[in-house]
Amino acid sequence: MRETVQILKEQVQHFHKITRIARYDQRAAYQSHYLGMVWEVLSPTLQVLIFYFVFGIRMNGAGSMAEGVPYIVWMLAGVIPWFFISAIIISGANSIYSNLSLVSRVKFPMSILPSITIFKSLYSYVTMLIILLGFLFLNHIYPTIYWTQFFYYFVCMCLFLYAVSLLNATITILFRDYQLMIGSVMRLLFFVSGAVMDVTAHPDSLMTKILKLNPIVYIIEGFRDSFFSRQWFFQEPWWTAYFWGMTLLVLGVGSVLHLRFKDRFMDYL
């Protein structure tokens with residue numbers, strides 16, 4: 001618990017540094033490209049179109065019309081957070097290792113590197129959210145009081161991503177093959193996290209109960225609950241308690257490992 005509090009304090013104390021470095025890295029990543037920051041939007045948009053053709057047209061939306069929502073809208077509500085989650089988990093696992101040679105020369109809180117990774121991707125996420133809002137309005141889906149819980153699920157997503165990224169980044173330093181394993185796991189999770197297929201269509205089935213153990217499903221379905229005005233997060237108290245329990249557990253383990261090994265990271269290069 002003490003380690004977790006220390007790590008969270010570092011994020012608050014260095015918040016200005018996190019946002020400043022994130023803006024710089026974001027601009028630097030695309031400064032040699034003709035389209036520049038447009039790629040932040042163009043790449044996921046092309047993927048959305050491909051997924052829509054495969055799952056929306058060829059497979060009739062995999063049953064999503066049961067909620068009375070056009071598949072493209074239903075899919076976007078899940079795919080957009082998935083793009084953000086997947087990108088952060090993969091890049092976050094390498095966030096410390098890729099910067100270790102630089103930050104080791106100065107006094108620098110390495111625990112903020114996963115946070116920088118999250119902030120760098122916010123521009124793309126916000127842009128894709130605007131696209132989603134356009135599709136929602138075109139399909140006569142307008143804001144309701146349920147939309148306010150979007151901010152709750154956004155906090156859930158960011159804290160979960162930080163916890164996972166801190167743990168993965170620390171393990172990656174100790175065991176380099178771990179990063180390759182993450183890429184393979186994320187490809188599998190894409191199909192079982194509810195991004196393009198409804199994994200909660202049969203709530204009483206054993207398979208659904210197993211799939212709901214994945215915290216990413218909680219986040220994606222939470223965004224859909226918000227935009228489609230389905231229910232409040234507190235109507236699923238056990239699922240909510242499980243999500244926060246898992247998130248705090250991962251954050252706690254990641255904090256302990258990070259603080260225990262951070263002074264010896266250079267030895268593993």
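Residues numbered from 1 in each chain as written. Predicted model: local features only at pLDDT ≥ 70, side-chain atom pairs only at ≥ 80, totals over all residues. Heavy atoms only, no water.

Engineer: Just to check I follow, could you spell out helix 11 (residues 215-227) for this structure?
Structural biologist: Structural remark: α-helix, 3.6 residues per turn; residues separated by three or four positions point the same way. The end-to-end C-alpha distance of helix 11, which contains 13 residues, comes to 19 Å, matching closely the 18 Å that a straight helix rising 1.5 Å per residue would cover. With 13 of 13 residues buried, helix 11 is to be regarded as a mostly interior element. The backbone nitrogen of I216 has a side-chain oxygen 3.0 Å away, supplied by the residue at the start of helix 11, namely N214. Just past helix 11, the residue S229 takes up positive phi, approximately 55°. (Helix = DSSP H or I, 4+ residues; strand = E, 2+ residues; numbered from the N terminus. Expected span 1.5 Å × (residues − 1). Buried < 20%, exposed > 50% of the residue type's maximum accessible area, 1.4 Å probe, protein only. Polar contact = N/O pair within 3.5 Å; in protein donor to acceptor, adjacent residues only side chain to side chain.)

Engineer: What is the right way to read the UniProt feature "transmembrane region" (unreviewed entry) in the chain from this model?
Structural biologist: The UniProt feature table records "transmembrane region" (unreviewed entry) at residues 37-59, 71-97, 118-138, 150-171, 178-197 and 241-261. Within residues 178-197, the helical portion is 75% and the strand portion 0%, while the C-alpha atoms at the span's ends are 28 Å from each other. (UniProt positions renumbered as here; feature names shortened; annotations may be inferred.)

Engineer: I keep staring at the packing of helix 4 (residues 71-92) against helix 9 (residues 177-192) and nothing clicks. Help me out?
Structural biologist: Each pair of packed helices can be summarised by the angle the axes make with each other and by the distance between the axes. The interhelical angle for the contact between helix 4 and helix 9, taken along N-to-C directions, is 165°, at an axis separation of 10 Å. Judged by the inter-axis angle, helix 4 sits roughly antiparallel to helix 9. The chirality of how helix 4 crosses helix 9 is right-handed. Two secondary-structure elements touch here, helix 4 through W82, S86, I89 and I90 and helix 9 through Q179, I182, M186, L189 and F190. Of the residues belonging to the contact of helix 4 with helix 9, the class tally is seven nonpolar, two polar and no charged. (Axes fitted to C-alpha atoms, helices over the stretch in contact; angles between N-to-C directions. Parallel < 35°, antiparallel > 145°, perpendicular 65-115°, else oblique. Left-handed = near helix turned anticlockwise from the far one by under 90°. Contact = heavy atoms within 4.5 Å. Nonpolar A, V, L, I, M, F, W, Y, C, P; charged D, E, K, R; others polar.)

Engineer: How should I be thinking about the nonpolar core in this particular structure?
Structural biologist: One recurring pattern in soluble globular proteins: nonpolar side chains tend to sit buried together. In this structure, M75, W82, L161, F227 and F228 are the most contacted members of the largest nonpolar core, which totals 64 residues. Among the secondary structure elements, those contributing two or more residues to this core are helix 3 (39-57), helix 4, helix 7 (122-138), helix 8 (150-174), helix 9, helix 11 and helix 12 (237-261). For this core, the element with the highest residue contribution is helix 4, accounting for 15 residues. When sequence neighbours within four positions are dropped, the list of residues in contact with L161 reads F84, I85, I88, I89 and I118. Judged by nonpolar contacts, the second largest core, of 13 residues, contains I96, F108, A169 and F265. (Core = buried A, V, L, I, M, F, W, Y, C linked by side-chain atoms within 4.5 Å.)

Engineer: Sorry if this is basic, but what is going on with unusual backbone geometry here?
Structural biologist: Most peptide bonds are trans, and most residues other than glycine sit at a negative phi. The phi angle at H140 is positive, at roughly 60°, despite the residue not being glycine. Here H140 shows up in the loop between helix 7 and helix 8. When its relative accessible area of 62% is taken as the criterion, H140 is described as exposed.

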